[in-house]
Amino acid sequence: EKSAENILLVQNQTDEAIRMHRQLHNFKRSVFIAEENSHKDARSMRHEYFKYLMDSHQVSKAAQLKEEEGDFVQAVELYLSGSMPGCAARLIKQHGISHPPSMIERVAVSLTSGGLHELAGEFYERMDQLQRAMDAYLRGTSFRKAVELARRHFPARVVELHHLWGDYLCEHN
């Protein structure tokens, strides 16, 4: 497949290389070849590939495609609809996305639902929802983060959190 592609491309038969990959259902590679060779249909091929991924319920791959395009908000939305809040959170943190706030909130809620409490706590902190952040850290037994948050915003709770942490360590040796 790869050597056949190389032969076609060396002979400047881009359309044939694209057609070959489409026949093999290797749509991602056909789009890549089209874009690399500035093919006139590259944009529509990418759109068709995205539509195919959505129609075939391959939300994860569709989100990755949007991520590659730099459409991070759409990628986050797709990761959320595909029940992949960890991927959505990674993307938000990696690119410093803060808008729309409702999307950030949905990521935090999805992280909590998925049992990723420490990461959810970080998102709640980011949204300045400090009590929710504290609750998430404690639910996830992330005592270090809870104590750090308490030192900054709830100084009266630091001693109590140290006791909780100590009790937890004793119980779980």
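Here's a quick rundown of the structure. (Residues numbered from 1 in each chain as written. Predicted model: local features only at pLDDT ≥ 70, side-chain atom pairs only at ≥ 80, totals over all residues. Heavy atoms only, no water.)

1. A short note on the overall build of the protein
Move 1: Helix and strand content of the protein: 12 helices and 0 strands.
Move 2: Against the globule reference of 16 Å for 173 residues, the protein gives a C-alpha radius of gyration of 23 Å, more extended than a compact globule.
Move 3: Counting all 173 residues of the protein, 35% fall into the buried class.
Move 4: Within the protein, contacts between residues separated by at least 24 positions form 28% of all contacts whose residues are at least 6 apart in sequence.
Move 5: With an accessible surface of roughly 10,200 Å², the protein has 52% of that area assigned to carbon and sulfur atoms.
Move 6: Taken as two groups, the 22 positive and 24 negative side-chain charges of the protein have centres that lie 1 Å from each other. (Helix = DSSP H or I, 4+ residues; strand = E, 2+ residues; numbered from the N terminus. Rg over C-alpha atoms; globule rule 2.2 N^0.38 Å. Buried < 20%, exposed > 50% of the residue type's maximum accessible area, 1.4 Å probe, protein only. Contact = heavy atoms within 4.5 Å. Areas by Shrake-Rupley, 256 points an atom, 1.4 Å probe, with all protein chains shown as cover. Lys, Arg positive; Asp, Glu negative; His and termini not counted. Charge placed at Lys NZ, Arg CZ, Asp CG, Glu CD.)

2. A short note on the packing of helix α6 (residues 72-81) against helix α7 (residues 85-95)
Move 1: It is at 7 Å that the axes of α6 and α7 come closest, and there the two elements cross at 160 degrees. One finds that α6 runs roughly antiparallel with respect to α7. In this structure, α6 meets α7 at a crossing whose hand is left-handed. Between α6, through Phe72, Ala75, Val76, Tyr79 and Leu80, and α7, the contact on the second element is made entirely by Pro85, Cys87, Ala88, Arg90, Leu91, Ile92 and His95.
Move 2: Among the residues making up the contact of α6 with α7, the classes are represented as 10 nonpolar, 1 polar and 1 charged. (Axes fitted to C-alpha atoms, helices over the stretch in contact; angles between N-to-C directions. Parallel < 35°, antiparallel > 145°, perpendicular 65-115°, else oblique. Left-handed = near helix turned anticlockwise from the far one by under 90°. Nonpolar A, V, L, I, M, F, W, Y, C, P; charged D, E, K, R; others polar.)

3. Things to note about the side chain of Lys66
Move 1: Tracing the chain through its elements places Lys66 in helix α5 (residues 59-69).
Move 2: Once you skip the residues sitting within four places of it in the chain, Lys66 turns out to touch Phe50, Asp71, Gln74, Ala75 and Leu78.

4. Focus: the packing of helix α4 (residues 42-55) against α5
Move 1: Interhelical geometry of α4 versus α5 gives an angle of 150 degrees and a closest axis separation of 8 Å. On the basis of the axis angle, α4 is roughly antiparallel to α5. For the pair α4 and α5, the contacting residues are Arg46, Tyr49, Phe50, Leu53 and Met54 in the first and Lys61, Ala62, Leu65, Lys66, Glu68 and Glu69 in the second.
Move 2: Considered class by class, the residues forming the contact of α4 with α5 number 6 nonpolar, no polar and 5 charged.

5. Considering the packing of aromatic side chains
Move 1: Considering all chains together, one arrives at 3 aromatic pairs under this definition.
Move 2: Between Phe143 and Trp165, the ring centres sit 6.2 Å apart and the planes meet at 15 degrees, which makes this aromatic pair stacked. Of this pair, Phe143 sits in helix α11 (residues 143-153) while Trp165 sits in helix α12 (residues 158-172), placing them 22 residues apart in sequence.
Move 3: Its guanidinium or amino end placed over the ring of Phe50, Lys66 lies 4.4 Å from that ring's centre, counting from NZ or CZ.
Move 4: One Lys or Arg, Arg126, reaches over the ring of Phe123 and ends 5.6 Å from the middle of that ring. (Phe/Tyr/Trp six-rings, centres within 6.5 Å; stacked < 30°, edge-to-face > 60°. Lys NZ or Arg CZ within 6 Å of the ring centre and 35° of its normal.)

6. Observations concerning α7
Move 1: Looking at α7, one finds that the buried residues are Pro85, Ala88, Ala89, Leu91 and Ile92. Seen along its axis, α7 keeps its buried residues to an arc of 165 degrees; they face one direction.
Move 2: Contacts made by the buried residues of α7 are with α5, α6, α8 (101-113) and α9 (117-126).
Move 3: Phi turns positive, to about 60 degrees, at Gly96, one or two residues after α7. (Arc of directions from axis to C-beta.)

7. Concerning the environment of Tyr52
Move 1: Inspection of the secondary structure puts Tyr52 in helix α4.
Move 2: Measuring from C-alpha to C-alpha, the distance between Tyr52 and Asp167 comes to 53 Å, with 115 residues separating the pair along the chain.
Move 3: For Tyr52, the contacting residues outside a window of four places in its chain are Phe27 and Gln58.

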